[in-house]
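Summary of the model geometry
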Amino acid sequence: MNETPSPTPAATARPPRRLRSARRPPPGAAPGTLVAPAQVHETTVRLTVFDARRLDEQAAPTEAELDRLRGEKMTIWVDVQGLSDLERIRRIGQQFGLHSLVVSDIVHTHQRPKTEIYDDHVVVVLRMPRSEPPFESEQLTLILGEGFVLSFQERPGDCFDPVRARLHNDKTRLRGAGPDYLAYALIDSLIDSYFPILEHAGARTEDIESRVVASPAAELVGEIHMLKHELLSLRHAIWPLREVIGALLREDVALIDRGTRVYLRDCADHAFQLLDMLEIYREIASGLVDLHLSSLSNRMNEVMKVLTVIATTFMPMTFIAGVYGMNFDRASPFNMPELGWTYGYPFALALMLGSAALMLYFFYRRGWIRPRRGDGGG
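Residues numbered from 1 in each chain as written. Predicted model: local features only at pLDDT ≥ 70, side-chain atom pairs only at ≥ 80, totals over all residues. Heavy atoms only, no water.

Things to note about the packing of aromatic side chains
Where we set the bar: Under the pairing criterion, centres of Phe, Tyr and Trp rings, with the six-membered ring standing for Trp, must be within 6.5 Å; the plane angle then separates stacked pairs below 30 degrees from edge-to-face pairs above 60, leaving the rest tilted. Over a ring means this: the NZ of a Lys or the CZ of an Arg is within 6 Å of the ring centre and within 35 degrees of the ring normal.
Within the structure shown, the criterion is met by seven aromatic pairs. Each member of the aromatic cluster is reached from another via a ring pair, and the members are Tyr 181, Tyr 184 and Tyr 263. The ring of Trp 239 has Arg 235 sitting right over it, with the charged end atom 4.4 Å from the ring centre. A cation over a ring is seen here: Arg 242 above Trp 239, with NZ or CZ 4.1 Å from the ring centre.

Some details on helix 9 (residues 220-238)
To keep things clear, this is the line we draw: For helices the rule is a DSSP run of H or I covering at least 4 residues; for strands it is a run of E covering at least 2, with both sets numbered from the N terminus onward. An expected span of 1.5 Å times one less than the residue number is assigned to each helix. Each residue is placed in one exposure class: buried if its accessible area under a 1.4 Å probe, protein chains only, is under 20% of its type's maximum, exposed if it is over 50%, and partly exposed if it falls in between. To be clear, the arc concerns the directions from the helix axis to the C-beta atoms.
The end-to-end C-alpha separation of helix 9 is 27 Å, in line with the 27 Å expected for 19 residues at 1.5 Å each. Turning to helix 9, its buried residues are Leu 220, Glu 223, Ile 224, Met 226, Leu 227, Glu 230, Leu 231, Leu 234, Ala 237 and Ile 238. Projected down its long axis, helix 9 shows its buried positions confined to an angular sector of 165 degrees, all on one face.

Overview of the confidence of the model for the protein chain
Put simply, the rule reads: One confidence number per residue, pLDDT, is output by the predictor and ranges from 0 to 100. A contact between two residues is defined here by any heavy atoms of the two lying within 4.5 Å.
Put simply, the protein chain has an average pLDDT of 81, and 84% of its residues get 70 or more. Per-residue pLDDT stays below 50 along residues 1-21; that stretch engages in 33 contacts with residues further than four places along the chain or on separate chains. Counting interchain partners and residues more than four positions distant, the pLDDT-below-50 stretch residues 374-378 has four contacts.

Things to note about helix 7 (residues 179-192)
Counted at 1.5 Å a residue, the expected span for helix 7 with its 14 residues is 20 Å, and the 20 Å between its end C-alpha atoms agrees. Of all 14 residues making up helix 7, 13 are buried, and the element is well covered by its neighbours.

Quick word on a nonpolar patch on the surface
Convention followed: Candidates for patches are residues over 30% relative accessible area with no salt bridge; among them, like charges are joined within 9 Å and nonpolar side chains (Val, Leu, Ile, Met, Phe, Trp, Tyr) within 5 Å. The protein chains shown are the only cover counted for residues, whose accessible areas, like all others here, come from Shrake-Rupley with a 1.4 Å probe. In the sections that follow, a salt bridge refers to a side-chain nitrogen of Lys or Arg positioned within 4 Å of a carboxyl oxygen of Asp or Glu.
On the surface, a nonpolar cluster with roughly 650 Å² of combined accessible area is contributed by Met 300, Val 303, Met 304, Val 306, Leu 307, Ile 310 and Phe 314. Note on placement: Phe 314 falls in helix 11 (residues 258-324).

With respect to the environment of Val 123
Within the secondary structure layout, Val 123 lies in strand 5 (residues 121-131). Separated by 17 residues in the primary sequence, Val 123 and Ile 106 have C-alpha atoms spaced 9.8 Å apart. If near-sequence neighbours (up to four positions away) are discounted, Val 123 is found in contact with Val 102, Lys 114, Thr 115, Glu 116, Tyr 118, Thr 141, Leu 142 and Ile 143.

Section: the packing of helix 7 against helix 8 (residues 194-214)
Selection criterion: Orientation is described by lines fitted to C-alpha atoms, with helices fitted over the stretch in contact, and by angles between N-to-C directions that extend from 0 to 180 degrees. Roughly parallel refers to an angle under 35 degrees, roughly antiparallel to one over 145, roughly perpendicular to one between 65 and 115, and oblique to any angle outside these ranges. Classification convention: Asp, Glu, Lys, Arg as charged; Ala, Val, Leu, Ile, Met, Phe, Trp, Tyr, Cys, Pro as nonpolar; all other residues, Gly among them, as polar.
In contact at an axis separation of 4 Å, helix 7 and helix 8 are set at 10 degrees when each is read in the N-to-C sense. On the basis of the axis angle, helix 7 is roughly parallel to helix 8. For the pair helix 7 and helix 8, contact is made by Leu 190, Ile 191 and Asp 192 and by Tyr 194, Phe 195 and Pro 196, respectively. Residue classes in the contact of helix 7 with helix 8 are distributed as five nonpolar, no polar and one charged.

Things to note about the side chain of Ser 193
With respect to the helices and strands, Ser 193 occurs in the loop between helix 7 and helix 8. Accessibility expressed as a relative area gives 18% for Ser 193, which makes it buried. The residues touching Ser 193, leaving out its near neighbours within four places in the chain, are Pro 129 and Cys 159.

Focus: the pattern of salt bridges
Going through the model one piece at a time under the given rule, you end up with 17 salt bridges. Here Arg 211 ties to Glu 223 by a salt bridge, and the two come within 3.0 Å at their closest N and O atoms. You can see Arg 211 sitting in helix 8 and its partner Glu 223 sitting in helix 9, a full 12 residues away along the chain. The class of Glu 223 is buried, set by a relative accessible area of 6%. One connected set of salt bridges, linked through shared partners, spans Asp 79, Asp 158, Asp 161 and Arg 164.

Focus on the packing of helix 7 against helix 11
As a reminder, the rule being used: By convention, the crossing between two helices is left-handed when the near helix turns anticlockwise from the far helix through less than a right angle, and right-handed when the turn is clockwise.
Packing of helix 7 against helix 11 leaves a shortest axis separation of 10 Å and a crossing angle of 10 degrees. It follows that helix 7 is roughly parallel to helix 11 by the angle criterion. Judged by the sense of rotation from one axis to the other, the crossing of helix 7 with helix 11 is left-handed. Contact residues: Asp 180, Tyr 181, Tyr 184, Ile 187, Asp 188, Ile 191 and Asp 192 in helix 7; Thr 260, Tyr 263, Leu 264, Asp 266, Cys 267, His 270, Ala 271 and Leu 274 in helix 11. Taken together, the residues of the contact of helix 7 with helix 11 break down into nine nonpolar, two polar and four charged.

So, the pairing of strand 6 (residues 136-145)
Test applied: Two strands qualify as a pair provided that DSSP identifies no fewer than 2 bridges between them.
Among the 10 residues that make up strand 6, nine are buried, leaving the element largely enclosed by the rest of the structure. Where strand 6 folds back on strand 7 (residues 148-153), the antiparallel hairpin that results is connected by two residues, among which Gly 147 adopts a positive phi of roughly 85 degrees.

Notes on the pairing of strand 1 (residues 44-50)
Judged by how many residues are buried, strand 1 sits mostly within the fold: five of seven residues are covered. Strand direction decides the pairing type here: strand 1 and strand 2 (residues 55-59), joined by five bridges, are antiparallel. Pairing of Val 49 across the sheet is with Asp 56, part of strand 2. The loop that links strand 1 with its antiparallel partner strand 2 comprises four residues.

What follows is the structure, encoded as structure tokens:
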């Protein structure tokens, strides 16, 4: 798995993404109608043909070359990147005997991850991660047939470089196995590509949590909601993996060898690990809003406690200053004798300071301005 970059505030403080509306066939259109995606990339075709002793790679193979290779007992991998050329995709589907609905699902990139089993091929639709953060994914369609694997991606670039590197080593199991093992390797590579993204999301979650506890700033609310949105997008991509792999294991698919099913069970274990990690991070992210509000409330309580202590301390001082500030005439026997005393003014100040000191000592003994022993605070 790739090394995960450390999270930074700049990486997380991005504006929320707008939801893309998928382009669909018009209502009432005939089944199998092809409509290009909203954001299309140029279609490129890459051909890889291999067995235990031989490996050939071609860019932009012709239809005649594909027909010729299908007659040889070798594993064919046709990797199509970009979905702009609908006619080329339709012809590839016809060459490999794909159902018209399968070809339609390839170019309609709003499909939910799923597994569909036909008589002579198996279709697996997955979401392949593209970037992080923010998380984005694209539709990947894998088609397993007799002697071939087809992969259709929305745009160039994928997570299959480790698989291609293994194909160049003639001593790996991948070279000697059939197309079912190649399909497993591609699915496994896609699942493993989610681990760095989830680890990055976990690091971001811990970073935001520590910042919320240390200083619950208002801008953290936006980061928390962005994090929850990205984790929700990850859930939509990862959650159906259980059903996708489970269908391959449950159904009696003749195209998948018994030995390959063992490796598919390992894929299922990895998918469950992803789901466990994702649910943990989602629970923590859900609690961050409450933690932020609680931290703000605690901070406000501390501020109010300080202000209350200050105001309460000055109350007797204000009372004494008010009494001495009335300046009654000294002729009355009920007036304060200190008004004519030489040290009357220093005495009044000392009385104010003494009352303040007495109040602070009382607060201190009560533990209101310092935590008492064996107590976490007052």
